[in-house]
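Examining the three-dimensional arrangement
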Amino acid sequence: MKTKVEIIGNKKLGERAAEHFYFLAQKYIATKNQFTVALSGGSTPKNLYSYLVNFYHTKIDWRKLYFFWSDERFVPFDHAESNGGMAFTFLLKPLKIQKPNYFPIPTEDIEPVQSALEYESNLRFFFGEKETTPQIDLILLGMGEDGHTASLFPNTEALNKTDRLVKENWIPKLNTWRITFTFKLINSAQNVIFLVTGKEKATVVRDILSKKNTSYPSALVHPKAGELLWLLDEQAAKYL
Ligand code: 6PG
């Protein structure tokens, strides 16, 4: 695994992330005639989405991209908190991307356990990988102030699930269920990009990248055969 860190100033993180997304899209479309992407949740990706919609809508053959989510809050797709709903509103709908080019995590009329099993089965079916672990071309991740990523929060059950690709995860501090990729799936990706902004994350970023504290969930992201890129704004990188 190769780890790269880029510190992006002047609020240009979204622009730089879009540039790299475009580079990877062209690479995989040219070599595999498709590009598989797992989107992160939270608010940080909105800036990336805005650049992709405004500056790349004609540069990328969006019909060859397939979107998944690395985690989901257990709310309806049209709920304000939905990661899938957010990406649909700010990325998929403006680019007129329709099913079957995106695969939301099921959260309606289904229990968390079933949702995780169904999403894992959908991933295996799409990638044609019944036994081995699918290698998603790009997984976008955010990081919380506590060092969580996807919905792999500190001291939660899904952290240790090595036999599953997707897992329901009870988050005591939020008193809620989440559905999340496991490290098994994340660390099989070809490319992982962390998009992290804000001074409130700077200490955790420093501790992870300096290897001072490798217990944070985000510190456990090591794509075995892939590339790991941290895209940080100046605030999140202030202690590096
Ligand atoms: C979620 C996530 C989570 C998110 C981080 C950062 O569902 O909340 O996927 O891992 O990426 O909490 O969130 P922000 O981008 O909003 O800071």
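Our subject in this report is the structure included herewith. As the structure is a computational prediction, the values presented were derived from the model and not from experiment.

All told, the structure shown has 16 salt bridges when counted by the stated rule. Between Arg16 and Glu19 there is a salt bridge, with its nearest N and O atoms 3.2 Å apart. Residue Arg16 and its partner Glu19 are both found in helix α1 (residues 13-32); the two are separated by three residues, about one turn of the helix. Take Arg16: its relative accessible area is 19%, and that puts it in the buried class. Judged by relative accessible area, Glu19 falls into the partly exposed class, the value being 37%. Between Glu120 and Arg124 there is a salt bridge; the shortest N-O distance is 3.8 Å.

Ordered by their spatial adjacency, six strands build an open sheet running β1-β9-β8-β5-β2-β3, and the pairing between neighbours is parallel. Every other strand in the sheet has two partners, leaving β1 (2-8) and β3 (65-69) as the edge strands with one partner each. Pairwise comparison of adjacent strand axes, ignoring direction, gives a mean angle of 20° for this sheet. Note that strand β5 (residues 138-141) and strand β8 (residues 191-196) share four bridges and pair parallel. Along β8, the bridge assignment pairs Leu140 with Ile193. Across the face of the sheet, helix α6 (residues 202-209) comes into contact with β1, β8 and β9 (227-233) while running at roughly 150° to β9.

If you check the shell around the ligand, you find 15 residues, and the closest are Thr44, Asp71, Arg73, Ala150 and Lys201. In this structure, an oxygen atom belonging to the ligand sits 2.8 Å away from a side-chain N or O atom of His148.

This next bit is on the layout of surface pockets. The space that makes up the largest pocket amounts to roughly 390 Å³. Taken together, 22 residues line the largest pocket, and the ones lying closest to its centre are Gly41, Gly42, Arg73, Met143 and His148. Considering only enclosed or pocket space, the second largest pocket measures out at about 280 Å³ in volume. Lining the second largest pocket are 13 residues, and of these Lys11, Lys12, Leu13, Thr197 and Asp233 sit closest to its centre. A per-class count over the lining of the second largest pocket returns two nonpolar, seven polar and four charged.

In this model α1 runs 28 Å from its N-terminal to its C-terminal C-alpha over 20 residues, within 8% of the 28 Å that 1.5 Å per residue would give. Within the span of α1, buried status applies to Leu13, Gly14, Arg16, Ala17, Ala18, His20, Phe21, Leu24, Ala25, Tyr28 and Ile29. Positive phi shows up at Asn33, right after α1, with a value of about 60°.

Along the polypeptide, Leu152 turns up in the loop between β5 and β6 (166-171). Distance in space between the C-alpha atoms of Leu152 and Ser50 is 26 Å, their sequence separation being 102 residues. Residue contacts for Leu152: discarding those within four places in its chain leaves Ala158, Leu159, Asn169, Thr180, Phe181, Thr182, Phe183, Ile186 and Pro217.

Cut-offs applied
Residues numbered from 1 in each chain as written. Predicted model: local features only at pLDDT ≥ 70, side-chain atom pairs only at ≥ 80, totals over all residues. Heavy atoms only, no water. Salt bridge = Lys/Arg side-chain N within 4 Å of Asp/Glu carboxyl O. Helix = DSSP H or I, 4+ residues; strand = E, 2+ residues; numbered from the N terminus. Buried < 20%, exposed > 50% of the residue type's maximum accessible area, 1.4 Å probe, protein only. Pairing = 2+ DSSP bridges. Axes fitted to C-alpha atoms, helices over the stretch in contact; angles between N-to-C directions. Contact = heavy atoms within 4.5 Å. Near = heavy atom within 4 Å. Polar contact = N/O pair within 3.5 Å; in protein donor to acceptor, adjacent residues only side chain to side chain. 1 Å grid on protein atoms, 1.4 Å probe; cavity = no way out; pocket = protein on both sides within 12 Å on 5 of 7 lines; lining within 4 Å. Points joined across faces, edges and corners; volume = space filled by probe spheres on them. Nonpolar A, V, L, I, M, F, W, Y, C, P; charged D, E, K, R; others polar. Expected span 1.5 Å × (residues − 1).

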